[in-house]
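Structure at a glance
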Amino acid sequence: AARFWPKQASLKVTNLANGANKVIRVNDYGPEEWTKRLIDLDSTVFKTISNLWRGVINVRVEEIK
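Along each chain, residues carry numbers from 1 onward, in the same order as the chain's sequence is written. The predicted origin of the model limits local features to residues at a pLDDT of at least 70 and limits the giving and counting of side-chain atom pairs to 80 or more, whereas totals for whole chains, interfaces and linings rest on all residues. Side-chain measures here rest on the full set of heavy atoms in the structure, leaving out hydrogens and waters.

1. Some words on the overall build of the protein
Cut-off, in case you're wondering: Strands are runs of DSSP state E lasting at least 2 residues, helices are runs of H or I lasting at least 4, and numbering of each runs from the N terminus. Every radius of gyration here is taken over C-alpha atoms, with the globule rule written as 2.2 Å times N^0.38, N being the number of residues. Each residue gets one of three labels from its accessible area relative to the maximum for its type: buried under 20%, exposed over 50%, partly exposed in between, using a 1.4 Å probe on protein chains only. Whether two residues touch is decided by their heavy atoms; if any such pair falls within 4.5 Å, the residues are in contact. Methods summary: accessible areas were calculated by the Shrake-Rupley approach with a probe of 1.4 Å, and residue burial reflects only the protein chains presented. The positive count covers Lys and Arg only, the negative count covers Asp and Glu only, and His and the chain ends enter neither. Where a charge sits is defined by one atom per residue type, namely NZ (Lys), CZ (Arg), CG (Asp) or CD (Glu).
The helix and strand inventory of the protein stands at one helix and three strands. Start at the N end of the protein and walk to the C end: the helices and strands fall as β-β-α-β. Compactness check: the protein gives a C-alpha radius of gyration of 11 Å against a globular reference of 11 Å for 65 residues, within 12% of the reference. Dimensions of the protein, computed from the C-alpha atoms along their principal axes, are close to 30 × 25 × 20 Å. Looking at the protein as a whole, 31% of its 65 residues qualify as buried. Sequence separation of 24 or more characterises 55% of the internal contacts of the protein that already satisfy a separation of 6 or more. Carbon and sulfur atoms make up 48% of the accessible area of the protein, which totals about 4,700 Å². Each charge class in the protein was averaged separately, 11 positive and 7 negative side chains, and the resulting centres sit 6 Å apart.

2. Focus: the environment of Leu-16
Along the chain, the position of Leu-16 falls in the loop between strand 1 (10-15) and strand 2 (21-25). Separated by 42 residues in the primary sequence, Leu-16 and Asn-58 place their C-alpha atoms 5.8 Å from one another. With near-sequence residues (within four places) excluded, Leu-16 lies in contact with Asn-58, Val-59 and Arg-60.

3. Let's talk about the pattern of salt bridges
Put simply, the rule is: Note on definitions: salt bridges are taken to be side-chain nitrogens of Lys or Arg within 4 Å of carboxyl oxygens of Asp or Glu.
For the structure on display, the rule yields one salt bridge. Ionic pairing is found between Glu-62 and Arg-60, a salt bridge with its closest N-O pair at 3.5 Å. Under the relative-accessibility criterion, Arg-60 is labelled partly exposed at 41%.

Here you go:
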């Protein structure tokens, strides 16, 4: 989920700690602004770029056009 990109946008999400990345498609909006988080990944995607136990990581998000 991402609140700054339109639904169905393709985004490349890169873990800044290890360089692992995954291309995703925005399917809903979130997280809430008060969380100060840019994007919310489901666990299936998250575990392809990091260990689930980390919970929150620093990422770079790039829109793919």
